Amino acid sequence: MTKGEKSFNDSLAEWKLFLYNPTTRKFLGRTAKSWGLILLFYLVCDGFLAAFFSFTMWAMLQTLNDEVPKYRDQIPGPGLLVFPKPVTALEYTFSVSDPSSYEGCIKDLKKFLKSYSLEEQKNLTNCTDGVLFEQKGPVYVACRFADFLLQACSGRNDPDFGYSQRQPYILVEINRIIGLNPEGSPRIDCISKDENTVSTYLTHGIIDLKYFPYYGKKLHVS
Amino acid sequence: MSRKTLEIYSVELDGTKDTKQTDQEDDKKYNDLDLKKSHQKEELKRELDLDDHKLTSEELEQKYGTNIITGLSSARAAEHLARDGPNTLSPPKQTPEIIKFLKQMVGGFSILLWIGAVLCWIAYGIQYVNDKSASLDSVYLGVVLALVVILTGIFAYYQEAKSTNIMASFSKMIPQEALVIRDSEKKVIPAEQLVVGDIVEIKGGDQIPADIRLLSSQGCKVDNSSLTGESEPQPRSAEFTHENPLETKNIGFYSTTCLEGTATGVVINTGDRTVIGRIASLASGVGSEKTPIATEIEHFVHIVAGVAVSVGLLFFIIAVSLKYQVLDSIIFLIGIIVANVPEGLLATVTVTLSLTAKRMAKKNCLVKNLEAVETLGSTSIICSDKTGTLTQNRMAVAHLWFDNQIFMADTSENQLNQAFDQSSGTWASLSKIIALCNRAEFRPGQENIPIMKKVVVGDASETALLKFSEVILGDVMEIRKRNRKVAEIPFNSTNKFQLSIHETEDPEDKHFLVVMKGAPERILERCSTIMINGQEQPLGKSNATAFHTAYMELGGLGERVLGFCHLYLPEDEFPESYPFDVDAMNFPTSNLCFVGLLSMIDPPRSTVPDAVAKCRSAGIKVIMVTGDHPITAKAVAKSVGVISASSETVEDIARRCSIAVEQVNKRDARAAVVTGMELKDMAPEQLDEILANYSEIVFARTSPQQKLIIVEGCQRQDAVVAVTGDGVNDSPALKKADIGIAMGIAGSDAAKNAADMVLLDDNFASIVTGVEEGRLIFDNLKKTIAYTLTKNIAELCPFLIYIIVGLPLPIGTITLLFIDLGTDIIPSIALAYEKAESDIMNRKPRHKKKDRLVNHQLAIYSYLHIGLMQALGAFLVYFTVYAQQGFWPTSLINLRVRWEKDELNDVEDSYGQEWTRYQRKYLEWTGYTAFFVGIMVQQIADLIIRKTRRNSIFQQGLFRNKVIWVGIASQIIIALILSYGLGSVTALSFTMLR
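The rules behind these values
Residues numbered from 1 in each chain as written. Chains lettered and ligands numbered in written order. Predicted model: local features only at pLDDT ≥ 70, side-chain atom pairs only at ≥ 80, totals over all residues. Heavy atoms only, no water. Helix = DSSP H or I, 4+ residues; strand = E, 2+ residues; numbered from the N terminus. Buried < 20%, exposed > 50% of the residue type's maximum accessible area, 1.4 Å probe, protein only. Areas by Shrake-Rupley, 256 points an atom, 1.4 Å probe, with all protein chains shown as cover. Contact = heavy atoms within 4.5 Å. Buried area = accessible area lost by both parts, 1.4 Å probe. Salt bridge = Lys/Arg side-chain N within 4 Å of Asp/Glu carboxyl O. 1 Å grid on protein atoms, 1.4 Å probe; cavity = no way out; pocket = protein on both sides within 12 Å on 5 of 7 lines; lining within 4 Å. Points joined across faces, edges and corners; volume = space filled by probe spheres on them. Nonpolar A, V, L, I, M, F, W, Y, C, P; charged D, E, K, R; others polar. Pairing = 2+ DSSP bridges. Axes fitted to C-alpha atoms, helices over the stretch in contact; angles between N-to-C directions. Patch = residues over 30% accessible without salt bridge, like charges linked within 9 Å, V, L, I, M, F, W, Y side chains within 5 Å. Lys, Arg positive; Asp, Glu negative; His and termini not counted. Charge placed at Lys NZ, Arg CZ, Asp CG, Glu CD. UniProt positions renumbered as here; feature names shortened; annotations may be inferred.

### Digging into the overall build of chain B
- Across its full length, chain B carries 38 helices and 28 strands.
- The 994 residues of chain B split such that 54% are buried.
- When the accessible area of chain B is evaluated, it comes to approximately 41,400 Å², of which 57% is carbon and sulfur surface.

Quick look at the structure:
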């Protein structure tokens, strides 16, 4: 027992000596000068590294275009977005009789549609139907897409978006991709898994060509 | 006390006790044996109190209940057999193969990786319970980790399985059959059925079937080399000649060979109780020392594992406190551990070692235990045998004395350069005596073989003389034919001379020539004249003094001296038809004419002095351990440089200053010759003092057993000790040594098995080559480890940044494994082919406790300097990929949560584009691949940096190591295959880069 204590004291003393050794004036095994030198070294070394890294990052950023990303190969096609946002994966469960179970969905839809209301979009351009809306700049404008185009889904007539009638409306939005010029008429097909029919608004799910292409956040207001 | 320290192999063999023991006591004894297992070694070191050699035949009969004429009865023999068990050596307890295999599976980093893999699966399990569609990523990762462990484990197991089993050779030595007398009948029975008390007969060519006490013998000689390492045939008879059972002539030992003659003896010990059985169990009882490289690697594993676990836990805590989910934090933890552990390194080290082992095998060093490759490099003391290792293991004529002059002969391996004056008439006579008075002959059918390589029938000295005269005179057989031998007295120990009578080659000359050789003083006694410059002169006092001076001088060189004389018989007294009768000695054997002296020695190998000098400049102490006489040992030591020309022993100083040995200041002497007798009286402290204070030490007259004491003494000095040996008795010392080196030609199988390395050419110089390779491998391993550790920071940083800054994950765990086990493996092996930088043989051997494989300089340089740069470089590549695709570096910060949400399909980049989950995942993989390539390219640069540690890259030569370039090419090719070929395999997470 005493032996153990002694060795513990010994190691404690050793640690104290390592922490500060009064004879050699070493702190953590180094003298003040040594610490100074090593810190200076790391300051210079790491400072240089940091500067060099910043410089290369800056040089890399110089090669980029502000308006269009350098490469667009990773998003060859636009993704589709579904509203209301599903909680998990792409499944909705709600009970018709319990409004609180679909309350969130409705809120989500309303929030989404807010920016598509007529008032919000009145500054936007009315574009020609059926042709790509190509612009040469310097000012790029966005086409109007008012919520009345969604007909029944717009929620104007049905504040519950059909959820209370077992006919939930689901909005599908197409992702913005710079320079996407579809050929023919892009359309979204909605198919039901079972016998129930799904009715699509925007006739046959066709998205008018006038909404393409997109010229990037910086140029193109939305 | 003194005797007890000497006889370390002493065996507890008290026959009287054995016979008294009843069966019940036997049971007890076995239990005791188990209990005493730990004391086994100590017990074996006790005095060999075998006293059978002192007993008379009658006492033996009584003791063993046998009858010398009729033998044991079959019933009695069966009883003994049941009691003692069969006469075989019991194999040591083997570790089951499966245990060995499992040990490989949990050693080193494996345990860390197993934990990682299990955590992965647990994490998946939890995810799966919460959400059935959880991604399989962590399962893949777990499988990959487990695969890595299993594959490296199998690899290591395979390497270890190559190591051989020490007992295998002992069992091979067992004689198959023995001729015994039982029930008054001679029977041939399998040797393993021999029991104590059996009367056995042995004849020339047999292996002795058990330890036997000889009862009668007819010219029996045995070769005890398998026991003692000394191959000189030893006569065996029924007389008790020495107190020590190992030295007495009336005991024959199990497994030794009977060379000639016949003998009858009574079996006194069988199986494991024989002397050799005791040694065998001692050899397997001596734990082999952990090799220095194993210690180093363990040290390294501890450092890395310590860093991995502490960094992992630290960030686990940080992650949890940053409100990450525990499950996610566990995944981070795994990532950090995987990034920190150099998975491929241990396999690389094994491959590197085996490559060097192959290279050494080409240079005649066969390495059995891979790790021993490096041990040799850190060796600081070599305890070398003399015979066969430092010397050529044959006799050769070293000096001649005639015409009052000493001449030197060429003792090199081919002896072609015999430069001494051969014009004197004395030489003509001397050479004739040498050629004629010799019974050795070349075995026929060796016409095209160089003289030195021809096989000779005859003893060592006669062989030396035959070859010597063949080289100088030409065809000796032809000379002997021309000078027909008419009578001959072979050498015997009473006469101490050999004589033959020949016709002269001149057909006209009807004289007979008597030629005689033998112990110089005996020869001189028989001479009345001496030949000087071809003229016979009376043997005066001055001539006799000259003879004695020369004799003493040659003897002082440790050489075996022979005197030669001849006599032409007068024609009238000995006509052509004279019937010479060697038994009646009807011819003069005195008043001959003394011709000259000739001395022989086992000459040093010509490469040895150079090799010893190399060792010395490399800071390695060479200690010679031999059974030879101190004078011979010292002479050989001086001639090979084990004692350098300028050093003196205490005795030398005493002689030079004409003072008593006690008065000499021991500090003045650098060399010491210690005999076995002195060693036996020495306390360990005294031995330590000698080993520490003298730089040049020769141990002479040592029994091979004392080697173990010497080795232990050296190891107490913190030295890494290499020991050479060839006898069975050497095997404990070979095992005890840090590296045991057995002789490939002279060595017994047991020695080879106990050793870590076998010298195929028995040549000391090969050891030095081995040392060089060993040091090189240590240097190169340092490079390999530095190279491997560097990328750890680059692999670790992504996780840290990911956790703290919230970037999309820069590199996946599986991708990391592809760096560790894919692109980096071949380049790190390629570093093993790097040539030595400066002359590695000019620096001191590394201190096994101070010069570590991985020290903090290496770690800091790798981790903080190069590693940091590498991490920055890789991040640059990563940011570039994201920026070019639309995510500017600033937009990435804290993007992680949104980025990884599966249901978010519209994450907007800096340009306003919206990314679906799948697109983001794909971009993330592109990022992985880019980061991977970034590290890979920088590792190429790192590889070139690591080529050198001290020299500049231009001194070392950029293109000298071609394998490095193969490594670089492999790196690029593997990266290309991974990023372009396997891009479609989901689990690998690689994508094509543009």
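### Thoughts on the interface of chain A and chain B
- In this complex, chain A contributes 38 residues to the contact, which on the side of chain B involves 34 residues.
- Carbon and sulfur atoms make up 59% of the area that chain A and chain B hide from each other, which totals about 3,100 Å².
- The largest contributions to the chain A side of the interface with chain B come from Tyr71, Gln74 and Arg176 of chain A, which together make up 22% of the buried area.
- Remark: the boundary between chain A and chain B carries 0 salt bridges.
- Looking at the side of chain A that touches chain B, the elements with two or more residues in it are helix H2 (32-62), strand S4 (80-83) and strand S5 (171-174) of chain A.

### Remarks on empty space enclosed by the protein
Residue and element names in this part refer to chain B.
- Tallying each qualifying case throughout the model produces 1 cavity of 30 Å³ or more.
- Around the largest cavity sit Pro342, Glu343, Gly344, Leu345, Thr348, Thr788, Lys791, Asp820, Asp824, Ile825 and Ser828, which together line it.
- Those elements that provide at least two residues to the lining of the largest cavity are helix H15 (345-362), helix H30 (764-804) and helix H32 (825-830).
- By residue class, the composition of the lining of the largest cavity is 3 nonpolar, 4 polar and 4 charged.

### Here's the deal with the sheet that holds strand S23 (residues 696-700) of chain B
Residue and element names in this part refer to chain B.
- Spatial ordering of the open sheet is given by S8-S26-S25-S24-S9-S21-S23-S22, a layout of 8 strands whose pairing is mixed. Two strands lie at the open edges of the sheet, namely strand S8 (365-367) and strand S22 (671-675), each paired on one side alone. On average, each strand axis in the sheet is tilted by 20° relative to the strand beside it, whichever way the strands run.
- In the sheet, strand S9 (residues 381-385) pairs with strand S24 (residues 721-725) via 3 bridges, with the strands oriented parallel.

### A short note on the pairing of S23 of chain B
Residue and element names in this part refer to chain B.
- Burial analysis of S23 places 5 of its 5 residues in the buried class, the great majority of the element.
- Of the strand pairs in this sheet, strand S21 (residues 621-625) and S23 are connected by 3 bridges, and their pairing is parallel. Bridge pairing in S23 links valine 625 to phenylalanine 699.
- Bridge count for S22 against S23 is 5 bridges, and the pairing is parallel. Across the sheet, alanine 672 pairs through a bridge with isoleucine 697, a residue of S23.

### Quick look at a negative patch on the surface
Residue and element names in this part refer to chain B.
- On the surface, a cluster of negative charge is contributed by Glu571, Asp572, Glu573 and Glu576.
- For aspartate 572, the position within the fold is in the loop between strand S19 (560-569) and strand S20 (592-601).
- Under the relative-accessibility criterion, aspartate 572 is labelled exposed at 65%.

### Re the UniProt feature "transmembrane region" (unreviewed entry) in chain B
All names here are of chain B.
- UniProt's entry tags residues 106-126, 138-158, 300-324, 330-353, 854-879 and 965-990 with the feature "transmembrane region" (unreviewed entry), counted in the numbering of this structure.
- Segment residues 138-158 splits into 100% helix and 0% strand. End C-alpha atoms: 30 Å apart.
- The span residues 330-353 is 83% helical and 0% strand by assignment, and the distance between its end C-alpha atoms comes to 36 Å.

### A look at unusual backbone geometry
- Residues other than glycine seldom take positive phi values, yet asparagine 533 of chain B does so here, at roughly 50°.
- Locating asparagine 533 of chain B in the fold gives a position in the loop between strand S17 (527-532) and strand S18 (535-538).

### So, the environment of glutamate 503 of chain B
Residue and element names in this part refer to chain B.
- Along the chain, the position of glutamate 503 falls in strand S15 (residues 497-503).
- Judged by relative accessible area, which is 24%, glutamate 503 ranks as partly exposed.
- Once the C-alpha coordinates of glutamate 503 and arginine 484 are considered, the two residues, 19 residues apart in sequence, prove to be 5.3 Å apart.
- Non-local contacts of glutamate 503, meaning those with residues more than four positions away in its chain, are made with Asn483, Arg484, Val486, His511 and Phe512.

### Brief notes about the pattern of salt bridges
All names here are of chain B.
- What the rule picks out here adds up to 28 salt bridges over all chains.
- One salt bridge connects glutamate 488 with lysine 485, and the closest N-O pair in it is separated by 3.0 Å.
- Taken together, the salt bridges that share partners define one network made up of Glu296, Glu374, Arg846 and Arg852.

### Regarding the sheet that holds strand S1 (residues 20-21) of chain A
Residues and elements named next belong to chain A.
- Spatial ordering of the open sheet is given by S1-S2-S3, a layout of 3 strands whose pairing is antiparallel. Edge positions in the open sheet fall to S1 and strand S3 (30-31), since each of these has one partner strand only.
- Looking at chain direction, S1 and strand S2 (residues 26-27) are connected through 2 bridges and run antiparallel. Residue pairing across strands places tyrosine 20 opposite phenylalanine 27, the latter belonging to S2.

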